[in-house]
Amino acid sequence: MARSIAYPGRPGKGVLVLGMLVVAFLGISTTTGTGWPIVLVAVLIATLVASLVLPAVPLTAARLQIRTPADTVAGLPLTIDLVSPSSATVRACAPSLDRGWFRLGSGQLVVVPQQRGVLESVRVDLRCAAPLGLWPWRRRLWVELERPLHVAPAPVTTELRLPPDALHRGEELTRSVRPYEAGDGLRDVHWPATARAGSLHVREREADDRLHIELVADLGAPRALGDDEVEHRASWAAGAGAALLASGRIVVLHTCERGGPTSAVVRERRELGRRLARAIPGPVSRPVGGLVVDVAVELAAPAAPAGVAP
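Note that the structure is predicted; figures quoted are calculated from it, not measured.

Parameters at a glance
Residues numbered from 1 in each chain as written. Predicted model: local features only at pLDDT ≥ 70, side-chain atom pairs only at ≥ 80, totals over all residues. Heavy atoms only, no water. Helix = DSSP H or I, 4+ residues; strand = E, 2+ residues; numbered from the N terminus. Buried < 20%, exposed > 50% of the residue type's maximum accessible area, 1.4 Å probe, protein only. Contact = heavy atoms within 4.5 Å. Areas by Shrake-Rupley, 256 points an atom, 1.4 Å probe, with all protein chains shown as cover. Patch = residues over 30% accessible without salt bridge, like charges linked within 9 Å, V, L, I, M, F, W, Y side chains within 5 Å. Salt bridge = Lys/Arg side-chain N within 4 Å of Asp/Glu carboxyl O. Core = buried A, V, L, I, M, F, W, Y, C linked by side-chain atoms within 4.5 Å. Pairing = 2+ DSSP bridges. Axes fitted to C-alpha atoms, helices over the stretch in contact; angles between N-to-C directions. Expected span 1.5 Å × (residues − 1). Arc of directions from axis to C-beta. pLDDT = per-residue confidence, 0-100.

A. Up close: the overall build of the chain. Helix and strand content of the chain: 7 helices and 15 strands. Residues counted as buried form 40% of the 310 residues belonging to the chain. Here the analysis covers contacts within the chain between residues at least 6 apart in sequence; of these, 68% occur between residues at least 24 apart. For the chain, the exposed surface amounts to about 16800 Å²; the carbon and sulfur share of it is 58%.

B. Just a nonpolar patch on the surface, in detail. A surface patch of nonpolar side chains, amounting to about 430 Å² of accessible area, comprises Tyr 180, Leu 186, Trp 191 and Leu 200. Locating Tyr 180 in the fold gives a position in the loop between β10 (174-179) and α4 (191-197). The exposure class of Tyr 180 is partly exposed, given its relative accessible area of 33%.

C. Summary view of the nonpolar core. Grouped together as the largest cluster of nonpolar side chains are 23 residues, with contacts concentrated most on Ile 66, Leu 97, Val 122, Val 124, Leu 126 and Leu 149. Counting residues per element, the ones that place at least two in this core are α3 (56-61), β4 (78-82), β7 (108-111), β8 (117-128) and β9 (137-152). No other element matches the 6 residues that β9 contributes to this core. Counting 18 residues, the second largest nonpolar core, distinct from the first, contains Leu 160, Ala 217, Ala 237 and Val 293.

D. Structural detail: the pattern of salt bridges. Within this structure, the stated rule accounts for 9 salt bridges. Of the charged contacts in the structure, one is a salt bridge between Arg 178 and Glu 181, with a shortest N-O distance of 4.0 Å. Arg 286 is the salt-bridge partner of Asp 218, the closest N and O atoms lying 2.5 Å from each other. On the criterion of sequence distance, the pair formed by Asp 218 in the loop between β12 (212-216) and α5 (227-246) and Arg 286 in the loop between α6 (269-278) and β15 (291-294) is long-range, its members being 68 residues apart.

E. Structural context of the sheet that holds strand β13 (residues 250-257). Taken together, the 4 strands give an open sheet; going across it, the order is β14-β13-β12-β15, and neighbouring strands pair in mixed fashion. The two strands at the open ends of the sheet, each matched to only one other strand, are β14 (260-266) and β15. On average, each strand axis in the sheet is tilted by 20° relative to the strand beside it, whichever way the strands run. Both β12 and β13 contribute to a ladder of 5 bridges, which runs parallel. In the strand pairing of β13, Val 216 is matched with His 254. The sheet strands contacting α5 are β12, β13, β14 and β15, and the helix crosses β12 at an angle near 170°.

F. Structural detail: helix α2 (residues 36-53). Taking 1.5 Å as the rise per residue, α2 with 18 residues should run 26 Å; its terminal C-alpha atoms sit 26 Å apart, in good agreement. Here α2 has its buried residues at Pro 37, Val 41, Leu 44, Leu 48 and Ser 51. End-on view of α2: buried residues confined to an arc of 90°, all on one side of the axis.

G. A look at the side chain of His 254. Within the secondary structure, His 254 is located in strand β13. What His 254 contacts, discounting residues up to four positions off in sequence, is Glu 214, Leu 215, Val 216, Ala 217, Thr 262, Ser 263, Arg 275, Val 284, Ser 285 and Pro 287.

H. Region of the structure containing the environment of Leu 160. Looking at where Leu 160 falls in the secondary structure, it is placed in the loop between β9 and β10. On a C-alpha basis, the gap between Leu 160 and Leu 244 in space is 9.2 Å, while along the polypeptide they are 84 residues apart.

I. Examining the pairing of β12 more closely. Counting buried positions along β12 gives 4 out of 5 residues, so the element sits mostly inside the fold. Relative to β15, β12 runs parallel, the two sharing 4 bridges. Opposite Leu 215, over in β15, you have Val 293 as the bridge partner.

J. Spotlight on unusual backbone geometry. One non-glycine residue with positive phi stands out, namely Arg 223, at about 65°. In this structure, Arg 223 sits in the loop between β12 and α5. For Arg 223, a relative accessible area of 81% translates into the label exposed.

K. The confidence of the model for the chain, seen in detail. Per-residue confidence for the chain gives a mean pLDDT of 77, with 74% of residues at or over 70. At the level of individual helices and strands, the chain shows its lowest average pLDDT in strand β6 (residues 102-103), which scores 62, and its highest in α6, which scores 94. Here residues 304-310 is a poorly scored stretch, pLDDT under 50, and it has 11 contacts once near neighbours within four places are set aside; other chains count.

L. Structural view of the side chain of Thr 72. Here Thr 72 shows up in strand β3 (residues 71-73). Those residues in contact with Thr 72, other than ones at most four positions away along the chain, are Leu 78, Pro 113, Leu 149, His 150, Val 151 and Ala 152.

M. Spotlight on α5. Taking 1.5 Å of rise per residue, the 20 residues of α5 would be expected to cover 28 Å, and the 29 Å separating its terminal C-alpha atoms lies within 8% of that figure. The buried fraction of α5 is high, at 14 of 20 residues. Positive backbone phi, approximately 90°, marks Gly 248, located one or two places after α5.

Have a look at this one:
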């Protein structure tokens, strides 16, 4: 389903030239009394009308359907399928994803999302000046996606201030194995039990606070920080979360979403990216005790000594 607004754009210089010619030929016809300038005036007016009306036809006929993956990362190229039956020269721009203009026809656009967030609809601007190229028309559409597109922040390299053994999790803390359930991380799969049973089994680990790291993605108070600083904090949290997940730690991510402070375990990078895509500036829960990585504190502190980064 798409909502649409079509409107004529700013006329090109050619329209101004044709208008001046119309005025000139009308003046010649009035002063000389000859009829041939009137014929030229009629041709020029017909050209002006055609340049105004014809570009609206392919734009009105265009039907767009956008299919995207469920997840991507800001700054990485993203291929989206964009279907249009129009054969005219129509160019498209999706400002919420990319600032560039692309010519329709191939059915695919390669765009680069500029910032993180969750998109449920995409604004697409169409532009067409065919066939004369004198007076372009524009059409603005809001196309609802089949499923939300989570644009995660681009992770940055981080240095974590943790004890030397904080990124180690011993296998002796595995309590038992159980059948795989939706949401379990692949890193917890117990392959020997899986081979014996013929179906996926995962480790059931001891509930030990030493295995958890509380990652506080504090993006500041609403309107307290600039957009660049907010995005830098989100990217830092993405890098820290990815490093902790890669080390085998259990990460409890604390963010603020539209519903308020949210705290939950993240088991894989896709889940981490989705949570950070939904994060907004606002109050976050701060755990008491345990191993805590607070984005605001980490970025405000001096650089960590060498050797503690994962």
